[in-house]
Amino acid sequence: MPPEVIQIPYSKKSGYAGLAVLLILMLFLLKTAVTNYLVHDILGAGIFGIFVLFILFLMGLLITTRLIPALKGEVALELDENGVKDYIRNLILDWKDIEDIGLRPGRSTAMLVFELKFDSDFGKQVFVSLRWVDGKDQDIFKTVLNYFDAAEGIERVDEDEDEE
């Protein structure tokens, strides 16, 4: 019997943190733009104003692609009998194509490292960031690794049945 499907949602905490960082950066840039305008430095105000617009664009992108899915409880990472699905990057990896799975820790977040049995469009290693996935990095890694081990067992049983 195959393991049940595991769905891990987007991280609300990371969405709010990313939004807060962009908001603070935008406020600093906006303050600088207004200060430049008040001292009649129109060029400086214009340049910083463009940066503010860029930050607003990034905030809109962050809200629509990360925060709204997190608030709706949408799935960021899914494990099923066929493989792993990263809905953040629209990436699907089949268990049969994965040789090994590792965890690469980072300063702010870790990444799952999928060692493939062949060179793909992404290379022999595929990296999946856990920044936007809800849960502790180590726990997610253990869950994925355990599921991979269980899925490998399923495939071996299926292969053994085919040989008989």
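Above this text sits the structure in question.
Residues numbered from 1 in each chain as written. Predicted model: local features only at pLDDT ≥ 70, side-chain atom pairs only at ≥ 80, totals over all residues. Heavy atoms only, no water.

Colleague: What am I meant to see in unusual backbone geometry here?
Modeller: One can expect most non-glycine residues to show negative phi and most peptide bonds to be in trans. Phi is positive for histidine 40, close to 65°, though the residue is something other than glycine. Mapping histidine 40 onto the fold places it in the loop between α1 (12-38) and α2 (42-72). For histidine 40, a relative accessible area of 69% translates into the label exposed. Although it is not a glycine, asparagine 90 adopts a positive phi angle of roughly 55°. Within the fold, asparagine 90 resides in the loop between β3 (83-86) and β4 (91-94). (Helix = DSSP H or I, 4+ residues; strand = E, 2+ residues; numbered from the N terminus. Buried < 20%, exposed > 50% of the residue type's maximum accessible area, 1.4 Å probe, protein only.)

Colleague: What is the right way to read the sheet that holds strand β7 (residues 123-129) from this model?
Modeller: Pairing between the strands of a sheet comes from backbone hydrogen bonds, and it takes one of two forms, parallel or antiparallel. Spatial strand order, β5-β6-β7: three strands in an open sheet with antiparallel pairing. Both outer strands of the open sheet, β5 (98-104) and β7, are each paired with one neighbouring strand and no more. In this sheet, adjacent strand axes meet at a mean angle of 25° when their direction is disregarded. Bridging between β5 and strand β6 (residues 111-120) involves six bridges; their strand directions are antiparallel. Paired with glycine 102 across the bridge in β6 is valine 113. (Pairing = 2+ DSSP bridges. Axes fitted to C-alpha atoms, helices over the stretch in contact; angles between N-to-C directions.)

Colleague: In this structure, what is going on with α2? I would like to understand it.
Modeller: Side chains of residues three or four places apart in an α-helix project in the same direction, reflecting 3.6 residues per turn. Under the 1.5 Å per step criterion, the end-to-end length of α2 is 43 Å for 31 residues, consistent within 8% with the ideal 45 Å. Along α2, the sharpest change in direction is near 40° and occurs at isoleucine 63. For α2, the full list of buried residues reads Gly44, Ala45, Val52, Ile55, Met59, Leu62, Arg66, Leu67, Pro69 and Ala70. Once α2 ends, the next one or two residues include glycine 73, with phi positive near 75°. (Expected span 1.5 Å × (residues − 1). Bend = angle between axes of the 7 residues up to and from the residue.)

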